[in-house]
Amino acid sequence: MFLIKSLNRLLAFSLEIIMLIVVVYVPVKTIVSPWVKYLVAAGLFALIILLWAIWAAPTSRTRLKLPYILVFKFLIYLIPTYLLYRAGMRNYAGILYLLVAISEIAAVFFHEYN
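Residues numbered from 1 in each chain as written. Predicted model: local features only at pLDDT ≥ 70, side-chain atom pairs only at ≥ 80, totals over all residues. Heavy atoms only, no water.

Student: What is the right way to look at the layout of surface pockets in this model?
Tutor: Gaps left between atoms are located by rolling a probe of water-molecule size over the structure's atoms. When its volume is computed, the largest pocket comes out at roughly 260 Å³. Every residue lining the largest pocket is counted, 15 residues in all, and those nearest its centre are Ala12, Glu16, Pro58, Arg63 and Lys73. Those elements that provide at least two residues to the lining of the largest pocket are α1 (2-30) and α5 (90-109). Of all the elements, α1 adds the most residues to the lining of the largest pocket, at five residues. (1 Å grid on protein atoms, 1.4 Å probe; cavity = no way out; pocket = protein on both sides within 12 Å on 5 of 7 lines; lining within 4 Å. Points joined across faces, edges and corners; volume = space filled by probe spheres on them. Helix = DSSP H or I, 4+ residues; strand = E, 2+ residues; numbered from the N terminus.)

Next up, the structure:
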């Protein structure tokens, strides 16, 4: 059981990193205007980090409790999923959101949000 719990934590952290990579990569690769693409990429990156630090970070004083943290995570992961979908990477978008769902269900099962 400890191995599965540890693997789920690794998956959750990996998904967080992937989310940040996607919100920078997709705007840089799909937006034509040089200033706009970097502004959008930096803005999305900063927005996600700020929201995550306030409401989802494990050491945050204002961390959301169940069920609100699940709603928050499912909503924030819609940003990179939508970007992948709009960039034509529909399979990656589906896989990303499926892995998010698996990770969050496992986190609830393992009582990660107590």
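Resuming the write-up.
Student: What is the right way to look at the nonpolar core in this model?
Tutor: The nonpolar side chains of a soluble globular protein tend to be buried with one another. Within the largest apolar cluster, 18 residues are counted, with the highest numbers of intra-cluster contacts made by Met19, Ile48, Trp52, Ile76, Tyr77 and Leu84. Elements represented by at least two residues in this core include exactly α1, α2 (34-55), α3 (68-76), α4 (78-86) and α5. Looking at this core, the element that brings in the most residues is α1, giving six residues. Setting aside residues no more than four positions away along its own chain, Tyr77 makes contact with Ala12, Leu15, Glu16, Met19, Trp52, Tyr97 and Val100. (Core = buried A, V, L, I, M, F, W, Y, C linked by side-chain atoms within 4.5 Å. Buried < 20%, exposed > 50% of the residue type's maximum accessible area, 1.4 Å probe, protein only. Contact = heavy atoms within 4.5 Å.)

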